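Summary of structural features
Each chain, letter by letter, is given below.
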Amino acid sequence: MKIMVCVSKTPDTTAKISFNAANTEFNSAGVAYIMNPYDEWYALVRAVDLAKQFPGSTVTVVHVGRADSDQIIRKGLALEANDAVRIDADPHTALFTAKQLAEHARSKNYDLIFTGKETIDHNGSDVGAMLAEFLDLPFVSYASKMTVAGTTATIERDIEGGVEVVEVKLPFVVSAAKGMAEQRIPNMMGIMKAKNKPLAVVPPVAFTDKAKVTRFELPKAKSGVRMVSADEMDELVRLLHSEAKVI
Amino acid sequence: MSEVTNHSVLKGGAFIIQDSVAAETFIPEQLTEEQLMVKQTVQDFVRNEIDPIRNDLEKQKGNHNVALLEKLGELGLMGTHIPEEYGGSGMDTNTNTLICDALGPGGGFTVSFAVQTGIGMLPILYYGNEAQKQQYLPALVAGTLKACYCLTEPGSGSDALAAKTRADLTADGKHYVLNGQKMWISSAAFADIYIVFAKIGGTKFTGFIVPRGADGLTLGAEEDKLGIKSSPTRQVFFENVHVPVENVLGEIGKGHLIAFNVLNIGRFKLGALCLGGSKVVADSAVKHAVERQQFKQPIANFGAIQFKLAEMAIRNFAAESSQYRVSQLIQDRIAVLRAKGKSYADATLDAAEEYAIECSILKVAGSEALDYVVDENVQVHGGLGYSEEYGAARAYRDSRINRIYEGTNEINRLLTVDMLLKKAMKGQLDIVTPAWAVQKELTSMPSMTRPTGLYGEEKAAMKDFKKIILMVAGGAVKMQMDGKINLEKEQEILMNVADMMIESFNMESTLLRVEKLRLMEKEVSQEVYEAILKVVFADGTARMHKFATDAISSFAEGDLLKTFLMGVKRFTKYPAVNVKNMRRQIAGAMIERKAYCF
Ligand SMILES: Cc1cc2nc3c(=O)[nH]c(=O)nc-3n(C[C@H](O)[C@H](O)[C@H](O)COP(=O)(O)OP(=O)(O)OC[C@H]3O[C@@H](n4cnc5c(N)ncnc54)[C@H](O)[C@@H]3O)c2cc1C
């Protein structure tokens, strides 16, 4: 089986989020980056395990980004992906990213393409669907469990209040959610092998973005908790109505 | 990953007579992408595997230590210092330093790790015969086999060679019969093999490998300790324990080589473990100081608190600079020895012996920096620091052992000076010529011009500090040769000299690192690093002044004392700096980032 895993780079979960003065760009000074956890823990680990199940399989990590992402890509290789491709461009929007990934995948005949269910920075959940559309492949989102037998995959998806089970024929695109696999720490052997695995850097294809980010805004700081005594129901109603404006 | 970077190689102990060059000094900011990935793996291990079970570990609930060792084995983290033929990956020294550094925050579990990978494994790697290495090392590396190290006895701790445990050959010549008692044995509770030191016939100090479950081997009750409660500690009793002669480790009567040489590496590693723990504790102090509000503002606003945060950073930074500097020196030495045909094991052992002085310095400096940091961390946390519900109290208790084992800090200080003088006596290090030069300089007119150039004050101060050490040590040795004092009985003076060596080494390592950082891209501005440098030198100068004055007034009198005191004055000219503002700047960098950021 030929498997492609799309991985992206996100700020570390503990990073301080701030923007430039005009609020048009994320302020990356001093921010440590990690591989997007959904891509790493769920998509990649599951892909690697599937590859082991089907001898002769390969797992290719594909990333749209600049050279400062190489450390993250190497981690993918340390987690036992076979090779990697970096498309040398800034991943400005989901559409641009999906287009680049699609153009890479088009000629490669992948049997299976993984993304994470979302990135933990923009939380868009867009790339997988767009990528599938570009390639004219089926797309299964939020997969929390997946088995493959022959050319058919059986996938469990988390849906509101329950689980949906779908069957889909290879090839297809799947976005991985929690449950697909367990986080794995790269071992020394993996790390040592990673440095000798191929990491190809390829140029992007020309593509005019259809959208652009005009402004970022931080969520409003949470205001403190107000305690209302149990015998002051009228006061509670008044607060909810005229201050919180929720009723 | 191995690379020789040092061209004008600094030999062990030579830092007191030779200058180093920043460009040739290794600093942690130079770690490679691959090494940073190793660091990440270890940090993930601490976060995913240790953090969630800290309370259970502390109460020794379940068999967590054993399970954690096995997981580390699976990750390949227990064999990075073991050659491939014995199941390891033979990585370079810097990577191994980094692993200890990153595992440092692992609390008492790090003791189990250090026992397994250090005193448990290394005696076999360095002194075992081929069959023993094949039999034990791969399983120890994998974590399926656990080891412990039995040297200390109720009657012999620092004076380890005074052990009473004995071994006697049976009539058929097939076994040694061990009798005696060991004390404070970490990991004895779960170890599968015991590295035991006993005297054959009551005289020949020798190492043995004793399997768990051997008849007559029993354990005492779990010790109730001040800290590192998650690391089990037991007494081990030997009553007519029969050990096959094949289990003798190394040469008969040469057990002291095993016991002492393994310690050089143990001390080096302990320095790195302390350092790693200390950085994380400092981080928690910063975070708490930013969060905690009193008098309607974060306590991080208060100068008294900023002082503590800055001081934590300064001490960590100095210890870290020294740790990685020595790491590279050892790594380079190993590369040279390997190029000459030595095995990985022999090269490592010899390199650590070459830098035994520096290893002792790192152990003392690292454990004392950590003790400062955990203590002030409790203070920054106030009442919460005193509560067992939060990490500060545990870190405070856990820290204390580091000044006691792997040779107490007193023993290590004594060794630092003792080894230096021995190297001089053996002609390995010429300290006599430069010491004479200093004597001469004392009678000449001092120069009045201040130094210029990049970090000119610091570089000049460094040269002066070396002169003070030579002056004091040289003066004391001369008194000894004249029969006026017996230095062995003047430990206070030796402690002063050791303190000056430790202080100087840390100052120089800090200087080299800050100078090198100047040309590197980094997150925190160079100005902040220079503030660290200046406070290290300002405080260091005052301490050098005191140590030197204490020492010379302890052995010199009259005109000689006067000359020496003038020398101290002359060699501690580093200008006063606004340490208050500099500490504020250092603390400010961390407060802004809500993290330890150096
Ligand atoms: C938790 C724990 C775990 C340990 N784990 C192990 C282990 O796994 N294996 C093992 O073999 N040992 C282990 N030890 C033993 C440890 O190495 C010794 O405790 C240490 O070497 C000190 O010996 P001691 O306790 O007998 O103290 P002592 O030697 O009695 O020292 C008491 C004090 O006297 C000072 N002193 C002693 N001699 C001199 C001197 N010549 N000059 C100046 N001052 C001196 C010391 O510095 C110290 O301050 C462990 C100890 C502890 C507490």
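Residues numbered from 1 in each chain as written. Chains lettered and ligands numbered in written order. Predicted model: local features only at pLDDT ≥ 70, side-chain atom pairs only at ≥ 80, totals over all residues.

**Examining the nonpolar core**
With 244 residues, the main nonpolar core has A:Val5, B:Phe208, B:Ala313, B:Val472, B:Val497 and B:Ile532 as its most contacted residues. If you tally residues by element for this core, the top one is helix α8 (residues 255-291) of chain B, at 16 residues. Contact partners of B:Val497, with chain neighbours within four places excluded, come to B:Val417, B:Ile469, B:Val472, B:Ala473 and B:Ala551. (Core = buried A, V, L, I, M, F, W, Y, C linked by C-beta atoms within 7 Å. Buried ≥ 20, exposed ≤ 12 C-beta atoms within 10 Å, placed from the backbone. Helix = DSSP H or I, 4+ residues; strand = E, 2+ residues; numbered from the N terminus. Contact = placed C-beta atoms within 7 Å.)

**Let's talk about the environment of A:Ala81**
Residue and element names in this part refer to chain A. Along the polypeptide, Ala-81 turns up in the loop between α2 (70-78) and β5 (83-87). For Ala-81, a count of 27 C-beta atoms within 10 Å puts it in the buried group. C-alpha of Ala-81 to C-alpha of Met-130: the two residues are 49 residues apart in sequence and 24 Å apart in space. Ignoring sequence-local partners within four residues, the contact set of Ala-81 consists of Val-5, Leu-44, Val-48, Val-59, Thr-60, Val-61 and Gly-76.

**Focus: the domain arrangement of chain B**
You can read the domains of chain B as domain 1 (31-145), domain 2 (147-253) and domain 3 (415-593). For domain 1 of chain B and domain 3 of chain B, the distance between their C-alpha centroids amounts to 37 Å. (Domains from an automatic or database assignment.)

**Description of the site of the ligand**
By nearness alone, 21 residues border the ligand, and B:Leu151, B:Gly157, B:Ser158, B:Trp184 and B:Thr408 come closest of all. Mapped onto the shell around the ligand, the elements with two or more residues apiece are β1 (147-150), β3 (175-186) and α13 (409-425) of chain B. (Near = placed C-beta within 6 Å.)

**Regarding unusual backbone geometry**
Along the chain, A:Leu170 connects to A:Pro171 via a cis peptide bond; the corresponding omega equals -5°. Turning to its location among the elements, A:Pro171 is positioned in the loop between β9 (162-169) and β10 (172-176). A positive phi angle, close to 50°, is found at B:Asn240, a residue other than glycine. Mapped onto the elements, B:Asn240 comes out in strand β7 (residues 233-244).

**Considerations on the packing of helix α3 (residues 94-106) of chain A against helix α4 (residues 127-135) of chain A**
Residue and element names in this part refer to chain A. Interhelical geometry of α3 versus α4 gives an angle of 45° and a closest axis separation of 8 Å. Compared by their axis directions, α3 and α4 come out oblique. The chirality of how α3 crosses α4 is right-handed. Counted together, Ala-94, Leu-95, Thr-97, Ala-98, Lys-99, Leu-101, Ala-102, Ala-105 and Arg-106 of α3 and Val-127, Met-130, Leu-131, Phe-134 and Leu-135 of α4 form the full contact between these two elements. (Axes fitted to C-alpha atoms, helices over the stretch in contact; angles between N-to-C directions. Parallel < 35°, antiparallel > 145°, perpendicular 65-115°, else oblique. Left-handed = near helix turned anticlockwise from the far one by under 90°.)

**Focus on the pairing of strand β5 (residues 204-211) of chain B**
All names here are of chain B. Taking burial as the measure, the 8 residues of β5 include 6 buried ones, the bulk of the element. Of the pairings in the sheet, the one linking strand β4 (residues 193-200) to β5 comprises 8 bridges and is antiparallel in character. Across the sheet, residue Ile-200 finds its bridge partner in β5, namely Lys-204. What sits between β4 and β5 in their antiparallel hairpin is a turn of 3 residues, with Gly-201 showing a positive phi close to 65°. As paired elements, β5 and strand β8 (residues 248-249) share 2 bridges and run antiparallel to each other. Residue Gly-207 lies in a different strand from β8, and its bridge partner there is Leu-249. (Pairing = 2+ DSSP bridges.)

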